[in-house]
Amino acid sequence: IGVEWHSAADFMADGLKIGASISVDDGAAADASAAVESSWGLGATYVTSAGDTAVTIGAGYSTGDYTNTLADDESVTHVGISAVTGDLTIAAGFASGNTLINETTTAQDDEMKSAEVTKLGVKYVSGDMTFNVGMASGSARDQDIGNDGDTSADDTYDSTGASVDYVVAPGVTATVGFKDESVKDEGATANSSSGSSWYVGATVSF
């Protein structure tokens, strides 16, 4: 059984919109197998302005309960914000959550996976040129249920990048970009996925 609700625009305040949902199952007895028993979620967006800046904020939370005597619940939280002032756009976001991977019906083989990520981006348009700068940083951990795990063995991803687009002619855009990435797998540097790169190319549309 599921119920979903969405508010109209400008709900309780100008620029605010909210959505919510909930679902439940038939009440099966909990055992060692992982199955979602019930879940609910809530999200909202808020659009406003501060002087000449247009601001958009979004956030949400969702969670699921398992019919599993061995597992914690599943949940995800996220929030993001963007601000636009003329030709300048700045945006940032954060998300964090955990989920259950049920491999067998034994406790030592079930795993909780948790992760979080932060992103930040800036874009500026000046005539025929567009400048972009961005970064991302995330970490994840997988562990047997009941084990807090070792933070030194986390998987991590960090990247920074920048690019410039230039409109050479109508329908033709040239791009130069740079990106630096650092990846760790179980705490050890993944050399095959880490390093720096350059990109030079063009997009043609007609």
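As the structure is a prediction and not an experimental result, all values here were calculated from the model.

Cut-offs and rules
- Residues numbered from 1 in each chain as written.
- Predicted model: local features only at pLDDT ≥ 70, side-chain atom pairs only at ≥ 80, totals over all residues.
- Heavy atoms only, no water.
- 1 Å grid on protein atoms, 1.4 Å probe; cavity = no way out; pocket = protein on both sides within 12 Å on 5 of 7 lines; lining within 4 Å.
- Points joined across faces, edges and corners; volume = space filled by probe spheres on them.
- Helix = DSSP H or I, 4+ residues; strand = E, 2+ residues; numbered from the N terminus.
- Nonpolar A, V, L, I, M, F, W, Y, C, P; charged D, E, K, R; others polar.
- Salt bridge = Lys/Arg side-chain N within 4 Å of Asp/Glu carboxyl O.
- Buried < 20%, exposed > 50% of the residue type's maximum accessible area, 1.4 Å probe, protein only.
- Pairing = 2+ DSSP bridges.

Observations concerning the layout of surface pockets
- Of the volumes computed, that of the largest pocket is approximately 240 Å³.
- Along the wall of the largest pocket there are 17 residues; nearest its centre are Thr160, Gly161, Ala162, Phe178 and Lys179.
- Where the lining of the largest pocket is concerned, the elements lending two or more residues are β8 (129-144), β9 (155-169), β10 (172-185) and β12 (195-204).
- With six residues, the single largest contributor to the lining of the largest pocket is β9.
- A class-by-class count of the residues in the lining of the largest pocket yields eight nonpolar, eight polar and one charged.

Quick notes on the pattern of salt bridges
- Across all of its chains, the model carries two salt bridges by this definition.
- Among the salt bridges present, the one from Arg141 reaches Asp154, with a minimum N-O distance of 3.0 Å. With Arg141 in strand β8 and Asp154 in the loop between β8 and β9, this pair connects stretches of sequence that are 13 residues apart.
- Residue classification places Asp154 among the buried residues on the basis of a relative accessible area of 13%.
- Across the pair Glu181 and Lys179 runs a salt bridge whose closest N-O atoms are separated by 3.8 Å.
- Glu181 sits in the partly exposed class, given a relative accessible area of 24%.
- By relative accessible area, which is 36% here, Lys179 ends up partly exposed.

Overview of the pairing of β9
- Alignment of β9 against β10, held across 13 bridges, turns out to be antiparallel. Of the residues in β10, the one forming a bridge with Tyr166 is Ala174.
- The hairpin turn running from β9 into β10, its antiparallel successor, is two residues long, and Gly171 in that turn takes a positive phi close to 85°.

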